[in-house]
Amino acid sequence: MTYQNVVVLGGSGNVGREFMSQVMRHDTVFSKKHLNPTNIIGLTDSKGFWFNRHGLNIQKNPENIYKWRDSKETFNTFMRDLDEYHQYDNLCDLLKFIQDEGMAGEIVFVDITAGKDDLRDFHLKVINDSEETIITANKNPLSIYSTDVFGTLTRFRERYGFLCTVMAGANAVSNLLDYYDTSEIVKKIEACFSGTLGYLCAELEKGGRSFSEILNDAKIMGYTEPHPKDDLNGIDVARKLIICARTFGHNVSMTDIELEGFIDESFLNIDDVDDFMESVKGADQDMKNKFDSAKRNGKTLRYIACFELHENGNSVFKVGLREVPPDSPLGSLKGSANKVIVETDIFCGDKQSIIESPGAGPDVTAWGLRRELLSRLTGRKGGDYKLT
Ligand SMILES: NC(=O)C1=CN([C@@H]2O[C@H](COP(=O)(O)OP(=O)(O)OC[C@H]3O[C@@H](n4cnc5c(N)ncnc54)[C@H](OP(=O)(O)O)[C@@H]3O)[C@@H](O)[C@H]2O)C=CC1
Ligand SMILES: N[C@@H](CC=O)C(=O)O
């Protein structure tokens, strides 16, 4: 039996713990489902990593999941004596460690961190200087740097999976890759790409609860970024629009996007998450007024990412809050649902391509990552297929 050996970067985080728990319930050797079961041999946080070349011991007792899944602190305590923990100065030390263990060419890294420069460097090193594979839910390496970085990372598609960076529960990214490969020019995109902001809009539209209460809910449900200001300043949606546009062939960067935050900029400069959550209470009345005003116009509000290719070849990228009819394709979205409407030469008029799916949450994201991992298994379809 050949294992798919996995190292989870950020495995102790919200999505990371859910990912671990789903893999342990369904994808390891104990599930007896796949010819190449998943074997988690390493798990990192921001300071170091746990490693066991035969597989982390935490995997052996899926019945303990409930003891560690819901809190990072209890997870860290649970892990303390199970396997060896190595501190690192630089994430690239991990790559060297794996090579020294004689495991080069056998690893899939799953990036569930929100890291920036150090993760960009790690992704580049893995793709340029090793034969390992990366599957990422972290959008930063593909979006906040130059198109060259995007091009380098995605040049070996079989070694770089990024389906979960946009609409984690759907096939949006692979559809856009298909348009690129078939030379089908994307003319227009309109999308709601944020589970957090979608949930906020749908709940504010109902009335009854304040903006800050709903945001707190979204944070508890794991929809928000590690710092929710990255949702509210529109950067998370802009990153997704950049990843989409680069995927269908556009040389676009953050400065090309007309970006309007969800709330006033004056609330968006607080680094401490608890202080930030307290301060945004100041935006409650303004957000209520905006939704009341839209309602008086027979409209509602949605946070929309838009790309349009003009006849003269110029393209426009916009991200912001827009009034839309409540029964329109984006105005009718509920909860954390995401939707992307794409127009190309073939897919236009009443043949637009529309993809809708849940866009956020640890469960959806972890499932998307597992799906991408499993799609790479050579032995996936050779298992003992059971019908019940
Ligand atoms: N929530 C969702 O619905 C979705 C999330 N994502 C993405 O998933 C990622 C993780 O989100 P979430 O689980 O909520 O975040 P958390 O903050 O809960 O977890 C982040 C994890 O990454 C580790 N980490 C942070 N920085 C670094 C670094 N520089 N190097 C190595 N490890 C690091 C943290 O370790 P430590 O504990 O030491 O800080 C922690 O284990 C984000 O990039 C997010 O955009 C993508 C799609 C959907
Ligand atoms: N914070 C993001 C998580 C997924 O990318 C969102 O709300 O959509």
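Residues numbered from 1 in each chain as written. Chains lettered and ligands numbered in written order. Predicted model: local features only at pLDDT ≥ 70, side-chain atom pairs only at ≥ 80, totals over all residues. Heavy atoms only, no water.

For the chain, an unreviewed UniProt entry supplies the name homoserine dehydrogenase and the organism Candidatus Scalindua japonica. As stated in UniProt under Cofactor (unreviewed entry), the record for the chain gives "a metal cation". (UniProt positions renumbered as here; feature names shortened; annotations may be inferred.)

**Student:** Which residues make up the UniProt feature "domain: Homoserine dehydrogenase catalytic" (unreviewed entry) in the chain, and what values go with them?
**Tutor:** The feature "domain: Homoserine dehydrogenase catalytic" (unreviewed entry), as annotated in UniProt, sits at residues 176-373 in this numbering. Between the end C-alpha atoms of residues 176-373 the distance is 20 Å, and the span holds 39% helix and 22% strand. (Helix = DSSP H or I, 4+ residues; strand = E, 2+ residues; numbered from the N terminus.)

**Student:** A description of the site of ligand 2 should follow, citing residues and the corresponding values.
**Tutor:** Surrounding ligand 2, one finds 13 residues, the nearest of these being Gly195, Thr196, Tyr223, Glu225 and Asp231. The separation between an oxygen atom of ligand 2 and a polar side-chain atom of Thr196 is 2.6 Å. Between ligand 2 and Asp231, the relevant distance is 2.7 Å, taken from a nitrogen atom to a side-chain nitrogen or oxygen of the residue. Here the shell around ligand 2 is composed, by residue class, of 3 nonpolar, 5 polar and 5 charged. (Near = heavy atom within 4 Å. Polar contact = N/O pair within 3.5 Å; in protein donor to acceptor, adjacent residues only side chain to side chain. Nonpolar A, V, L, I, M, F, W, Y, C, P; charged D, E, K, R; others polar.)

**Student:** Give me helix H12 (residues 235-247): which residues, what numbers.
**Tutor:** The periodicity of an α-helix, 3.6 residues per turn, causes residues three or four positions apart to be oriented the same way. The terminal C-alpha atoms of H12 lie 18 Å apart, and with 13 residues this matches the ideal 18 Å at 1.5 Å per residue to within 8%. H12 sits mainly inside the fold: 12 of its 13 residues count as buried. Where H12 is concerned, the buried positions are Asp236, Val237, Ala238, Arg239, Lys240, Leu241, Ile242, Ile243, Cys244, Ala245, Arg246 and Thr247. Phi turns positive, to about 105°, at Gly249, one or two residues after H12. (Expected span 1.5 Å × (residues − 1). Buried < 20%, exposed > 50% of the residue type's maximum accessible area, 1.4 Å probe, protein only.)

**Student:** Mind laying out the site of ligand 1, listing which residues take part and the relevant values?
**Tutor:** If you check the shell around ligand 1, you find 25 residues, and the closest are Ser46, Lys72, Thr113, Glu225 and Gly361. A distance of 3.4 Å is found between an oxygen atom of ligand 1 and a side-chain nitrogen or oxygen belonging to Thr365. Computed on the free molecule, ligand 1 has an accessible area of 930 Å², of which 87% lies beneath the protein chains in the complex. For the shell around ligand 1, the secondary-structure elements that each account for two or more residues are helix H1 (14-26) and helix H5 (117-129). Both domains that meet at the shell around ligand 1, namely domain 1 (4-162) and domain 2 (182-359), each give it at least three residues. (Areas by Shrake-Rupley, 256 points an atom, 1.4 Å probe, with all protein chains shown as cover. Domains from an automatic or database assignment.)

**Student:** Describe the pattern of salt bridges, naming the residues involved and giving the relevant values.
**Tutor:** Applying the stated rule across the entire model yields 26 salt bridges. Residues Glu18 and Arg69 are paired through a salt bridge, measuring 3.7 Å at the closest nitrogen-oxygen approach. Of this pair, Glu18 sits in helix H1 while Arg69 sits in the loop between helix H2 (65-68) and helix H3 (72-79), and the two are 51 residues apart along the sequence. Lys96 is the partner of Asp100 in a salt bridge, and the nearest nitrogen-oxygen pair spans 2.9 Å. One end of the pair, Asp100, and the other, Lys96, are both in helix H4 (residues 92-100), 4 residues apart, so they sit about a helical turn from each other. (Salt bridge = Lys/Arg side-chain N within 4 Å of Asp/Glu carboxyl O.)

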